[in-house]
Structure formats: structure tokens, C-alpha cells
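Close look at the chain arrangement
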Amino acid sequence: MKIIDGKKISQEIRKELKKEIEKLKIKNVIPGLGIILVGNDPASEIYVRNKLKTCKELGINAQLYRFTENNSEEEIIKAIKELNVDINIDGIIVQSPVPSCFCEDKIISYVDPKKDVDGFGIVQLGFLLSKQEQKLAATPLGILKMLEYENIDIEGKHVVIVGDSLIVGRPLSALLLNRGATVTIAHKKTINLKELTRQADILIVAIGQPNFITEEYVKDGAIVIDVGINRVDGHLVGDVDFNRVFKKASYITPVPGGVGPMTITMLLSNVVDEAKIRSELNGSKN
Ligand code: GUN
């Protein structure tokens, strides 16, 4: 059994990103990220704080726009429209979930697809489904990078994804399918989940239920990727019961220190990619 060290992989990628950002700065381009945060979901507060901290460490200019439930949808949309035309902003994210008094899909639809570094908008999801990948959602991209780092081949493998969310399960399934995996998505209504997950060469779990997946759900030698981050008695635990599963798996990601750090890194990698395009465009104008 090998633990996939997301923290280490992420640090290596961040080192490379820092070098790229230094090169961009010489060309007077500072990558810019606009973050829209609505409400005070505790998990979102932590995610956004970590995103801001990492932006600062890497030299990315992050601008946070905070809104409460007392703001109107028009005010949020106005901020997005301003960010869309701001030439110093390369990427925009709307932290999910947005409080239910707003329509999250409608708000996200105002993000210019060229600046949709989360890859959640309909245009980017459409590109992904039609095998013309452009900007890929950060968590699926982070998982892909971890598998690549460990030289784990996905072509022809049976990947079972537990969780059909727009942020992880759905884009990840298309991404893996585009790379030749056989993909099954399980969700709340799936019957005989255990029978299904036991067929997985690669089992990916993103359901937000602490320690849900135990050894009976896992085939001997399977690769287990845990996307869950749950707080239990003041500790962070995944959706996979690590202590019960790790002996059975050939590779497993820990929580914390697995998929989590990769998600922020790949988001910022998407921002830097956009800043590089901006720098090339500036160069061609001069
Ligand atoms: N909420 C949980 N994960 C994410 C993410 O990757 N991006 C955004 N925008 N919201 C999230």
C-alpha cells in the first residue's frame, strides 16, 4: 500500500507555478483572480481563506468580493460583470455553495467562459463533454495530476465515482472517459453500492459523509481516492475510513493532505495559464 502525498505533489507544482509567475512579472503581468463569496458557509470560509493565503504566497493578485444574504442578485452579478471586463483579472470563481435564496446557476452563468477557471460554467462543461477540453475543474484536474504523478494508467480501467456533484463527480467522469477509462457514477439512489464499488480498479469517493467507505466496499489492490473533507470532533476525516481501507488498497489518498491541497493548486494553475495567454496577447500587440 502506498499513500499518495497530495501535499508533496502540490508543493512541487506550486514551485513551478512560482517560477512561471516570476517570468510573467518581468513582462508586467501579475496573474489576477476575482473571488465571489456569498454568505458565511463555514467550509467556504476556510476554502476561501486558504485560496487567498496561497495566492499571496505565490504572488497572485486575489480580489475578494463578499456578499451577504441581504445583498441583491443584481449586486453580485454587477461585481461579476466588472471582473469580466477588468484586464488585470484572469480568472473568476463563485465559491459554492451560494445561499439557497439565490440562484447559483444563474450567478455562475454571468462569468465570462474565458475567465471560468473553476470550469463550472455551462460553456466549459460543454467543451469537456465534447472532448474539446479547455479549462478543467480544479478537483478533477488535481485527481488526474495525482494519478499521473504515481504513473497510474487509467486507460481501460474501471473507475467507480461515488457522488454525482457538478463540482467533482460529473466533470471527473467526463475527464476520465476522455482518457479511455470505463466510468461508473454512483449516487444517492444507486442500489447495491457495495457490489458496484467492489468492481472498481480505481474508487473515487466524493459524498461528504465521514468514514462512509469501509473495507467491504473495496476490491483487493484497488486505488482509492478520497475527496471528502469532514470535520468530526474537531478533526478532519475523509469519506473513506482510512484505517480500515488502507491495508486493502494498493494506493490511497489521506485526509488531510490528499486531494485538498491539489484542488487549490490546480485552480491557481488555471489562473496562471490564463495570465500566460494575456501576456502572449500583450506581446503580439507590441
Ligand atoms: N466549493 C467546494 N469546492 C469548490 C471549488 O473547487 N470551487 C468553488 N468555486 N466552490 C467550491
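Residue indices begin from 1 for each chain and proceed along its sequence in written order. Only residues with pLDDT of at least 70 are given local features in this predicted model, and only at 80 or more are side-chain atom pairs given and counted; all residues enter the totals for whole chains, interfaces and linings. Water and hydrogen atoms were dropped before computing side-chain values, which therefore reflect all heavy atoms in the structure.

1. A look at the sheet that holds strand β4 (residues 91–94)
- An order of β3-β2-β4 is seen for the three strands of this open sheet, with the pairing classed as parallel. Because the sheet does not close on itself, it has two edges, and the strands there are β3 (61–67) and β4. Sheet twist, expressed as the average angle between the axes of neighbouring strands with direction ignored, equals 15°.
- In the sheet, strand β2 (residues 32–38) pairs with β4 via four bridges, with the strands oriented parallel. Along β4, the bridge assignment pairs Gly34 with Ile92.
- Contacting β2, β3 and β4, helix α2 (residues 42–58) crosses the sheet at an angle of about 165° to β2. A pair of strands is considered paired only if DSSP assigns at least 2 bridges between the two. Secondary structure elements follow DSSP: runs of H or I no shorter than four residues count as helices, runs of E no shorter than two count as strands, and numbering proceeds from the N terminus. Angles shown run from 0 to 180 degrees and are taken between the N-to-C directions of axes, each axis being a line fitted to C-alpha atoms and, for helices, limited to the stretch in contact. Should any heavy atoms of two residues lie within 4.5 Å, those residues are considered in contact.

2. A word on the layout of surface pockets
- As a volume, the second largest pocket reaches approximately 560 Å³.
- Elements with a minimum of two residues in the lining of the second largest pocket: α3 (73–85), α5 (122–129) and α10 (259–285).
- Here the element with the most residues in the lining of the second largest pocket is α10; it accounts for eight residues.
- By residue class, the composition of the lining of the second largest pocket is ten nonpolar, five polar and ten charged. A pocket, in this scheme, is an open set of points on a 1 Å grid over the protein atoms alone with protein on both sides within 12 Å along at least 5 of 7 lines, while a cavity is a set where a 1.4 Å probe fits but cannot get out; residues line either one if an atom lies within 4 Å of a point. Grid points are joined across faces, edges and corners, and a volume is the space filled by probe spheres set on the points. All amino acids are sorted into three groups, where Ala, Val, Leu, Ile, Met, Phe, Trp, Tyr, Cys and Pro are nonpolar, Asp, Glu, Lys and Arg are charged, and the leftover types, Gly among them, are polar.

3. Observations concerning the packing of aromatic side chains
- Any two rings among Phe, Tyr and Trp, with Trp reduced to its six-membered ring, count as a pair given centres within 6.5 Å; such a pair is stacked if its planes are under 30 degrees apart, edge-to-face if over 60, and tilted if neither. By the definition in use, this model includes two aromatic pairs.
- Consider the rings of Phe212 and Tyr217, whose centres lie 5.6 Å apart with planes at 50°: the pair is tilted.
- Partly exposed residues are those whose accessible area sits between 20% and 50% of the maximum for their type, while under 20% is buried and over 50% is exposed, using a 1.4 Å probe and protein chains only. Judged by its relative accessible area of 29%, Phe212 is partly exposed.
- On the basis of an interplanar angle of 10° and a centroid distance of 5.6 Å, the ring pair of Phe242 and Phe246 is categorised as stacked.

4. Points about the nonpolar core
- The set of buried Ala, Val, Leu, Ile, Met, Phe, Trp, Tyr and Cys residues whose side-chain atoms join them within 4.5 Å is what this entry labels a nonpolar core. Membership of the largest hydrophobic core comes to 48 residues, with the highest contact counts inside it found for Leu33, Ile60, Leu176, Ile204 and Ile225.
- The leading source of residues in this core is α10, at nine residues.

5. Brief notes about empty space enclosed by the protein
- Here the structure, examined in full by the defined rule, presents one cavity of 30 Å³ or more.
- Roughly 40 Å³ of internal volume is contained in the largest cavity.
- Lining the largest cavity we find Ile92, Ile93, Val94, Ile108, Val111, Asp116, Asp118 and Phe120.
- With three residues, the top contributor of residues to the lining of the largest cavity is β4.

6. Quick notes on the site of the ligand
- Around the ligand lies a shell formed by Tyr47, Lys51, Val94, Gln95, Ser96, Asp118, Phe120 and Ile167.
- Counted as a polar contact is a pair of N or O atoms within 3.5 Å, where, for protein atoms, one must be capable of donating a hydrogen and the other of accepting one, and residues adjacent in sequence contribute only when both atoms are in side chains. Gln95 places a side-chain nitrogen or oxygen 3.2 Å from a nitrogen atom of the ligand.
- Here Ser96 contributes a backbone N or O atom positioned 2.8 Å from a nitrogen atom of the ligand.
- Per-residue and other accessible areas follow the Shrake-Rupley method at a 1.4 Å probe size, with only the shown protein chains counted as cover for residues. Relative to its unbound accessible area of 280 Å², the ligand is 88% covered by the protein chains.
- Taken together, the residues of the shell around the ligand break down into four nonpolar, two polar and two charged. Nearness of a residue to a molecule or strand requires only that one of the residue's heavy atoms be within 4 Å of it.

7. Points about the pattern of salt bridges
- Whenever a carboxyl oxygen of Asp or Glu lies within 4 Å of a side-chain nitrogen of Lys or Arg, that contact is scored as a salt bridge. The final tally for this structure, using the stated rule, is 17 salt bridges.
- Note that Glu45 and Arg66 form a salt bridge whose closest N and O atoms lie 2.5 Å from each other. One end of the pair, Glu45, is in helix α2; the other, Arg66, is in strand β3, with 21 residues separating them in the sequence.
- Here Arg66 falls in the partly exposed class, since its relative accessible area comes to 44%.
- One salt bridge connects Glu148 with Lys145, and the closest N-O pair in it is separated by 3.9 Å. In this pair, Glu148 and Lys145 both sit in helix α6 (residues 138–149), three residues apart, roughly one turn of the helix.
- Using a relative accessible area of 45% as the deciding quantity, one classes Glu148 as partly exposed.

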